[in-house]
Amino acid sequence: MAEAKVLSGAGLRGQVAGQTALSTVGMPGAGLTYRGYDVRELAEHALFEEVAYLLLHGELPTHDELAAYQGKLRSLRDLPQPLKEVLERIPSNTHPMDVMRTGASFLGTLEPERTFGQQEHVTDRLLAAFPAIMCYWYRYSHHGVRIACTSDEDTFAGHFLYLLHGKSPSELHSKVMDVSLILYAEHEFNASTFTARVCASTLSDMYSCVTAAIGSLRGPLHGGANEAAMAMIQKFASPEEAVRGTLAMLERKDKIMGFGHAVYKDNDPRNEVIKGWARKLADEAGDKVLYPVSEAIDKTMWEQKKLFPNADFYHASAYHFMGIATELFTPIFVCSRVTGWAAHVFEQRANNRIIRPSAEYVGVEQRAFVPLDRR
Ligand SMILES: CC(=O)SCCNC(=O)CCNC(=O)[C@H](O)C(C)(C)COP(=O)(O)OP(=O)(O)OC[C@H]1O[C@@H](n2cnc3c(N)ncnc32)[C@H](O)[C@@H]1OP(=O)(O)O
Ligand SMILES: O=C([O-])CC(=O)C(=O)O
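Nothing here was measured: the structure is a model prediction, and the numbers come from that model.

## Things to note about the pattern of salt bridges
Under the counting rule described, the total for this entry stands at 16 salt bridges. For D154, the salt bridge goes to R74, with nearest N and O atoms at 3.9 Å. Taken together, the residues D154 in the loop between α6 (119–143) and α7 (156–165) and R74 in helix α3 (residues 63–75) connect sequence positions 80 residues apart. Taken together, the shared-partner salt bridges in this structure form one network comprising D38, R40 and E272.

Right under this line is the structure:
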């Protein structure tokens, strides 16, 4: 009998674990593509809703398709009253990712996915409702305000910023949020997406897949890195201090959040895009500290370790300049990545086999049971 193949390396790195037509990550000469389109071109020319539609339906929408899709998302923005009541009971010191996880899960009790034929509708509902889940809880628990969960903002990015700040965003802030949502939307078999696919492979429902994926995204080695990066950047009052601090962290062998990547080896193509926008926002804010500190850390990491900023690093300062509280950074990632997760769930369901790898056993030899009174 053929022996089971022993996989080299930890973390399944480099192993092909399935097929996807959604994106390519780090292919020579391609950077990051969504259904064949370079993410940098999408970030420059498209709206987040066009990209969400592309991922979920396979092609970019026409004018009419986009208008219909945006209209549908707008009609699904409000939250059911029982969900608002649950959000009001969540303590203010809860991490907002736990709120997103609970919100997604609770919505699934009110509006369950009863058949896979409802998968597109459930995805649209989750996507449309996430900004309200996050902002209703945040504004109620932090400011004592029960916000309206709808707005007249046409775009997803504008709606999200409106709910958060209670006013229409500037054109610049709306554009940067839109770009950010595009950059975060999809990334092949990253940890949270793989979690969603494993869950989908048991033929579970969409809410379970998304809830599980939120749990995976929360950790600081994945989506949580943008928050951890901000905490680190804010520790330094000048670029000189940042260089000294980064060298000290490297000396202690600390992980520097927002740097390195499991797949990219020289650069993350999303970084140049968000870095450019972070710089524009820094100029607008008249910033003389955060952006120069970020650049000093960036330069030191490259000089010392040849490690480059990933998508998360300059997102930290970009979000900060838009007046977004640090603990809301990873929940924004959820608002975007739910599109990629759902598209992967569709793909998994369309050609499913339960995902069930093997383990190399490294425990004790088989042995006889010892009764309790003889142990
Ligand atoms: C949107 C996203 O999720 S992007 C990722 C966000 N996560 C982060 O920013 C967290 C910080 N980065 C990391 O922890 C890692 O780079 C990961 C988790 C992203 C990738 O992990 P891996 O694939 O295991 O990294 P990789 O094998 O390339 O690491 C190679 C070496 O570089 C080191 N290294 C990698 N990233 C960092 C870092 N950010 N800071 C310090 N050292 C690092 C590793 O410790 C390892 O050193 P060693 O060989 O002495 O053990
Ligand atoms: O691909 C990964 O491992 C992590 C990542 O950058 C993402 O999910 O956007």
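## As for helix α13 (residues 269–285)
For α13, built from 17 residues, the straight-helix expectation of 24 Å at 1.5 Å per residue is met to within 8% by its first-to-last C-alpha distance of 25 Å. Restricting attention to buried positions, one finds in α13 the residues P269, R270, N271, V273, I274, W277, A278, L281 and A282. Those residues of α13 that are buried lie in contact with β2 (31–34), α1 (39–45), α8 (171–184), α14 (290–305), α15 (311–321) and α16 (329–350).

## Topic: the site of ligand 1
In the neighbourhood of ligand 1, 18 residues make up the surrounding shell, with L221, H222, I256, G258 and F259 lying closest. Measuring from an oxygen atom of ligand 1, one finds a side-chain N or O atom of R13 at 3.0 Å. With respect to ligand 1, the side chain of N310 contributes an N or O atom lying 2.9 Å from an oxygen atom. Here ligand 1 loses 66% of its free accessible area of 930 Å² to cover by the protein chains. Across the shell around ligand 1, the residue classes tally to 9 nonpolar, 5 polar and 4 charged.

## Digging into the environment of A67
For A67, the location among the structural elements is in helix α3. In this structure the C-alpha to C-alpha distance between A67 and H45, which are 22 residues apart in sequence, comes to 17 Å.

## Re the nonpolar core
L126, F130, M177, I297 and I324 are the most contacted members of the largest nonpolar core, which totals 111 residues. For this core, the element with the most residues is α6, which contributes 13 residues. Among residues more than four places away in sequence, those in contact with F130 are M100, A104, V210, I214, V334, C335 and V338.

## Considerations on the domain arrangement of the protein
If you check the domain split of the protein, you get domain 1 (30–219 + 327–350) and domain 2 (225–322). Taking only C-alpha atoms into account, the centre of domain 1 sits 26 Å from that of domain 2. The interface is formed by 24 residues belonging to domain 1 together with 22 residues belonging to domain 2. Across the domain 1/domain 2 interface, buried area totals approximately 2,100 Å², and carbon plus sulfur atoms make up 66% of it. For the interface between domain 1 and domain 2, the tally reads 1 salt bridge. With a shortest N-O distance of 3.7 Å, E272 and R40 are connected by a salt bridge. Counting the contacts that link domain 1 with domain 2 gives 12 residue pairs in polar contact (both at pLDDT 80 or more). Broken down by secondary-structure element, the contributors of at least two residues to the side of domain 1 that touches domain 2 are β2, α1, α8 and α16. Here the side of domain 1 that touches domain 2 takes 9 residues from α8, the largest share from any one element. Within the side of domain 1 that touches domain 2, the residues separate by chemical class into 12 nonpolar, 8 polar and 4 charged.

## Re the UniProt feature "active site" (unreviewed entry) in the protein
Per the UniProt record, "active site" (unreviewed entry) is found at H261 and D312. The greatest C-alpha distance among the annotated residues, which extend across 52 residues, is 10.6 Å, indicating that they converge on a single site. Structurally, H261 is set in the loop between α12 (239–251) and α13. Once residues within four sequence positions are removed from consideration, H261 is found in contact with H187, D268, R270, F308 and N310. Separated by 2.9 Å, the side chain of H261 and the backbone nitrogen of V263 make a polar contact. Not counting the four nearest positions on each side in its chain, D312 is found in contact with Y184, H222, G223, A225, N226, G258 and F333.

## Quick word on the site of ligand 2
All residues in the neighbourhood of ligand 2 are listed as H187, N190, H222, H261, R270 and R337. In the environment of ligand 2, an oxygen atom lies 2.7 Å from a nitrogen or oxygen atom belonging to the side chain of H187. Take R270: an N or O atom from its side chain is 2.7 Å from an oxygen atom of ligand 2. For ligand 2, whose free accessible area comes to 260 Å², the fraction covered by protein is 83%. Class assignment of the residues belonging to the shell around ligand 2 gives a composition of no nonpolar, 4 polar and 2 charged.

## As for the environment of G144
Tracing the backbone shows G144 in the loop between α6 and α7. Linking G144 and E88, residues 56 residues apart in sequence, is a C-alpha distance of 9.7 Å.

## Digging into the sheet that holds β2
Here we have 3 strands laid out as an open sheet, ordered β1-β2-β3, and antiparallel in their pairing. Of all the strands in the sheet, just β1 (23–27) and β3 (37–38) have a single pairing partner and so form its edges. When β2 meets β3, the two strands line up antiparallel, connected through 2 bridges. Counted as the bridge partner of Y34 is Y37 from β3.

Conventions used here
Here the residue numbering is sequential within each chain, running from 1 through the sequence in written order. Whichever chain is written first becomes A and whichever ligand is written first becomes 1, with later ones labelled in order. Where local features are concerned, this predicted model is filtered to residues with pLDDT of at least 70; where side-chain atom pairs are given and counted, the filter is 80 or more; whole-chain, interface and lining totals use all residues. Values shown for side chains rest on all heavy atoms present in the structure; no hydrogens or waters enter the calculation. Salt bridge, as used here: a side-chain nitrogen of Lys or Arg that lies within 4 Å of a carboxyl oxygen of Asp or Glu. Strands are runs of DSSP state E lasting at least two residues, helices are runs of H or I lasting at least four, and both sets are numbered from the N terminus onward. A helix is expected to span 1.5 Å multiplied by its residue count minus one. Relative accessible area decides the class of each residue, using a 1.4 Å probe on protein chains only: under 20% of the type maximum gives buried, over 50% gives exposed, and in between gives partly exposed. Residue contacts follow a heavy-atom distance rule, with two residues in contact if any of their heavy atoms lie within 4.5 Å. One heavy atom within 4 Å of a molecule or strand is enough for the residue carrying it to be called near that molecule or strand. Here a polar contact is recorded for every N or O atom pair within 3.5 Å, except that within protein the pair must consist of a potential hydrogen donor and a potential acceptor, and residues adjacent in sequence are included only if both atoms are side-chain atoms. Note on areas: Shrake-Rupley with a 1.4 Å probe; residue coverage comes only from the protein chains shown. Ten residue types, Ala, Val, Leu, Ile, Met, Phe, Trp, Tyr, Cys and Pro, are classed as nonpolar, four, Asp, Glu, Lys and Arg, as charged, and the remainder, Gly among them, as polar. Buried Ala, Val, Leu, Ile, Met, Phe, Trp, Tyr and Cys residues form a nonpolar core when they are joined through side-chain atoms within 4.5 Å. Note that the domain bounds were set by an automatic or database domain assignment. By buried area we mean how much accessible surface two parts lose on assembly, using a 1.4 Å probe and totalling the loss over both. UniProt positions are given in the numbering used here, feature names are shortened, and annotations may be inferred rather than shown by experiment. Pairing between strands is defined by DSSP: at least two bridges between them are needed.

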